[in-house]
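This is what each chain is made of:
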Number of protein chains: 2
Amino acid sequence: MTERTVVHDTIVTERTYGHPPDRVFAAWRDPATKREWFAEGEGWRIEEYGLDFRVGGREHGRFRRGNGPETRNEMVYLDIVPDRRIVMAYTMAFDGTNISASLGTVEFEAIGAGTRLIYTEQGAFFDGADGPSSRKQGWNGLLERLAATLG
Amino acid sequence: MTERTVVHDTIVTERTYGHPPDRVFAAWRDPATKREWFAEGEGWRIEEYGLDFRVGGREHGRFRRGNGPETRNEMVYLDIVPDRRIVMAYTMAFDGTNISASLGTVEFEAIGAGTRLIYTEQGAFFDGADGPSSRKQGWNGLLERLAATLG
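Keep in mind the model is a prediction, meaning the values are calculated, not measured. (Residues numbered from 1 in each chain as written. Chains lettered and ligands numbered in written order. Predicted model: local features only at pLDDT ≥ 70, side-chain atom pairs only at ≥ 80, totals over all residues. Heavy atoms only, no water.)

J.: Please give an account of the relation of the copies chain B and chain A that cites residues and values.
T.: Each copy of the sequence occupies a distinct position, and chain B is placed on chain A by a rotation of 180 degrees and an axial shift of 0.0 Å, giving an RMSD of 0.0 Å. Within this description, the copies of the chain are treated as partners about a two-fold rotation axis. In this assembly the copies share their binding face: 100% of the residues contributing to the interface of chain B also contribute to that of chain A. (Least-squares fit on C-alpha atoms with pLDDT ≥ 70 in both. Contact = heavy atoms within 4.5 Å.)

Below you can see the structure in the form of structure tokens.
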């Protein structure tokens with residue numbers, strides 16, 4: 001029997017944007033905008049992408065960098081409070097093998113004319129692949145790209 | 001604007017069964033067996049229950065105790081390694097309002113002729129309702145009922 005291990009960990013990261021919560025929330029809700037900052041990473045080829053933003057709806061993507069492994073992201077939305085909160089669960093897979101399953105909570109707080117976004121990921125990381133620290137780096141990069149998309 | 005809060009917490013509980021992992025795993029996989037220990041709680045009326053046990057499949061239930069609120073459980077399976085691991089995400093709702101979203105990891109380890117089951121729940125608990133400690137109690141009760149079902 002192959003030894004399989006699960007490491008559970010929680011990462012928290014936050015970023016403040018100079019736009020009000022409804023603008024920042026919309027960048028998670030609208031498929032074209034979400035695709036821009038979430039999926040169109042430099043050097044990545046998008047083989048498939050779709051977003052159905054509603055409770056029970058799915059988001060799915062398949063990506064590849066050069067001749068690297070197929071990276072697959074399958075997400076389902078669990079809870080949505082407009083302009084306030086999004087909770088989703090997702091898996092990441094390399095070449096068809098899940099490397100993690102996560103619960104992600106996005107909280108939007110009005111701060112003056114802007115928004116404080118807090119992202120909390122409670123993850124189960126499988127078999128030693130891709131750990132919490134690289135996941136946090138990944139999300140910091142995404143929240144940076146979101147800033148660029150908001151302009 | 002109503003103040004909404006999210007509390008993130010992780011609960012871990014475990015139980016040892018005198019049956020091998022494939023028997024214990026089967027009690028999570030088979031809809032009739034799962035229904036028996038998971039849904040048929042004493043004093044609860046099952047208004048709806050269904051299980052589609054595969055990655056991407058759903059489990060859903062609506063329950064009521066006497067004239068209490070409708071309790072709804074919506075689950076989606078994220079990762080399944082037969083006889084070893086199940087990872088699912090689920091929400092709990094009272095009268096249509098989500099009180100929590102969780103990532104649940106069930107690990108099955110062979111211990112002699114039996115099984116050590118470790119359940120880890122990484123939860124986002126909303127708006128002060130139903131916290132981590134009552135959730136842990138709830139799962140302890142379910143794992144006890146699972147023992148009775150296994151016989």
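J.: Lay out the pattern of salt bridges with the relevant residues and their values.
T.: Applying the stated criterion across every chain yields a total of 32 salt bridges over all chains. In this structure, the salt-bridge partner of R116 of chain B is E109 of chain B, at a minimum N-O distance of 2.9 Å. Among the residues examined, E109 of chain B registers a relative accessible area of 26% and is labelled partly exposed. Through salt bridges with shared partners, one network takes in R45, E47, E48, R62, R64, E70, R72 and E74 of chain A. (Salt bridge = Lys/Arg side-chain N within 4 Å of Asp/Glu carboxyl O. Buried < 20%, exposed > 50% of the residue type's maximum accessible area, 1.4 Å probe, protein only.)

J.: Requested: an account of the environment of R72 of chain A, with residues and values cited.
T.: Residue and element names in this part refer to chain A. In this fold, R72 is placed in strand β4 (residues 71-81). A relative accessible area of 31% means that R72 is categorised as partly exposed. Separated by 45 residues in the primary sequence, R72 and L117 have C-alpha atoms spaced 25 Å apart. Leave out the neighbours within four places in its chain, and R72 touches G61, R62, T91, M92 and A93. Engagement of the side chain of R72 in a polar contact is seen with the side chain of E74, the distance being 3.2 Å. (Helix = DSSP H or I, 4+ residues; strand = E, 2+ residues; numbered from the N terminus. Polar contact = N/O pair within 3.5 Å; in protein donor to acceptor, adjacent residues only side chain to side chain.)

J.: Give a description of the interface of chain B and chain A that names residues and reports values.
T.: In this complex, chain B contributes 31 residues to the contact, which on the side of chain A involves 31 residues. Note on chain B versus chain A: buried area summed over both sides is about 2,500 Å², and carbon and sulfur give 56% of it. Inspection of the region where chain B meets chain A yields twelve residue pairs in polar contact (both at pLDDT 80 or more). If you list the elements that add at least two residues to the side of chain B that touches chain A, you get β1 (6-17), β4 (71-81), β5 (85-94), β6 (97-111) and β7 (114-126) of chain B. Residue contributions to the side of chain B that touches chain A peak at six residues, all from β6 of chain B. Among the residues forming the side of chain B that touches chain A, the class breakdown is eleven nonpolar, eleven polar and nine charged. (Buried area = accessible area lost by both parts, 1.4 Å probe. Nonpolar A, V, L, I, M, F, W, Y, C, P; charged D, E, K, R; others polar.)

J.: Which residues make up the packing of aromatic side chains, and what values do they have?
T.: What characterises a pair of aromatic rings is the spacing of the ring centres plus the angle enclosed by the ring planes. Residues and elements named next belong to chain B. For the structure on display, the rule yields 20 aromatic pairs over all chains. With a centroid separation of 5.8 Å and an interplanar angle of 75 degrees, the aromatic rings of F25 and F53 are classed as edge-to-face. Highlighted residues: F25 in helix α1 (residues 21-29) and F53 in the loop between β2 (44-51) and β3 (58-65), separated in sequence by 28 residues. Here the two residues F25 and F53 agree in accessibility, since each one is buried. Ring centres 6.3 Å apart and planes at 85 degrees place the aromatic pair W28 and F108 in the edge-to-face group. Taken together, the positions of W28 in helix α1 and F108 in strand β6 put the pair 80 residues apart, joining distant regions of the chain. (Phe/Tyr/Trp six-rings, centres within 6.5 Å; stacked < 30°, edge-to-face > 60°.)

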